[in-house]
Amino acid sequence: MAVQTGDDSKPELVICEHCDSVYQRSPLPAGAVARCLQCGAELYRNRRVDLDTMLALTVTSMIVMAIANAYPVVWMDLGGQSRSVTLWGAVLSSYDAGVGLVAVVSAACIFLMPLLQIAVLIYVLVPLRAGRVPQYFASAMHALRRMQPWSMVEVFLLGILVSAVKLAADAAISPGIGLWGFALLTYLLTLITSYDLHELWDLAAEEQS
Ligand SMILES: [Zn+2]
């Protein structure tokens with residue numbers, strides 16, 4: 001059964017299930033557990049995962065990712081001729097240059113995996129926030145854990161910086177919107193993946209019980 005767990009639905013009074021003592025509910029710091037003073041049983045807890053914040057960060061990542069992929073990462077000035085380089089331009093030119101495998105792997109690590117990560121997180125977080133456990137929750141969570149090591153936006157960002165420093169000798173390089181996008185995306189993905197996924201498992205278990 002799905003249980004509504006919004007803050008509004010929480011009763012003001014809490015009754016200990018073990019000894020029937022009655023307490024007034026009060027706000028807890030994150031991660032804290034309220035226990036019965038008589039018997040020590042758990043009364044309620046404040047979840048460490050803030051689903052609202054997590055979902056907001058995830059949705060923002062999706063938007064930032066779209067911007068980072070759509071706009072040029074760098075602008076190059078080659079003898080008076082200005083050329084923009086997008087992520088996809090770089091991937092395609094490495095494919096044309098005969099390093100097809102490199103192109104495919106980098107596209108997977110900097111585009112496909114982060115995109116899948118974000119999509120799966122949204123799929124899990126939206127129902128959890130509404131007090132429901134999504135279908136295929138366990139599979140989604142396992143997939144999320146397996147995807148994590150393959151999502152490497154920061155490696156790409158480092159690659160751009162190294163190339164830019166090298167190229168700066170021959171051409172004037174200026175950063176594009178895409179570069180700032182990838183920098184922000186790296187930061188956001190680090191924040192999101194630093195959340196403890198165990199908390200989501202606990203939350204789902206509570207909803208299902
Ligand atoms: Zn008690």
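It should be noted that the structure appears before, not after, this text.
This is a predicted model, so every value here is computed, not measured.

A. Expanded view of the pattern of salt bridges. Following the criterion strictly, the structure yields one salt bridge and no others. The closest approach of N and O atoms between Arg129 and Asp52, which form a salt bridge, is 2.3 Å. Remark: Asp52 occurs in helix α1 (residues 51–70) and Arg129 occurs in helix α3 (residues 100–129); sequence separation between them is 77 residues. Classification of Arg129 by relative accessible area gives partly exposed; the value is 48%.

B. The coordination of the zinc ion, seen in detail. Taken together, Cys16 (SG), Cys19 (SG), Cys36 (SG) and Cys39 (SG) make up the full set of protein donors to the zinc ion, lying 2.2 to 2.3 Å away. Coordination at the zinc ion is tetrahedral: its four donor atoms span angles of 102 to 116° at the metal. Along the chain, the residues donating to the zinc ion fall in the pattern C-x2-C-x16-C-x2-C. Of this pair, Cys16 sits in the loop between β1 (13–15) and β2 (22–24) while Cys36 is found in the loop between β3 (33–35) and β4 (42–45), placing the two residues 20 residues apart along the sequence.

Cut-offs applied
- Residues numbered from 1 in each chain as written.
- Predicted model: local features only at pLDDT ≥ 70, side-chain atom pairs only at ≥ 80, totals over all residues.
- Heavy atoms only, no water.
- Salt bridge = Lys/Arg side-chain N within 4 Å of Asp/Glu carboxyl O.
- Helix = DSSP H or I, 4+ residues; strand = E, 2+ residues; numbered from the N terminus.
- Buried < 20%, exposed > 50% of the residue type's maximum accessible area, 1.4 Å probe, protein only.
- Donors = N, O, S within 2.8 Å, 3.2 Å for Na, K, Ca; no water.
- Tetrahedral: all angles 85-135°; square planar, octahedral: opposite > 155°, others 65-115°.

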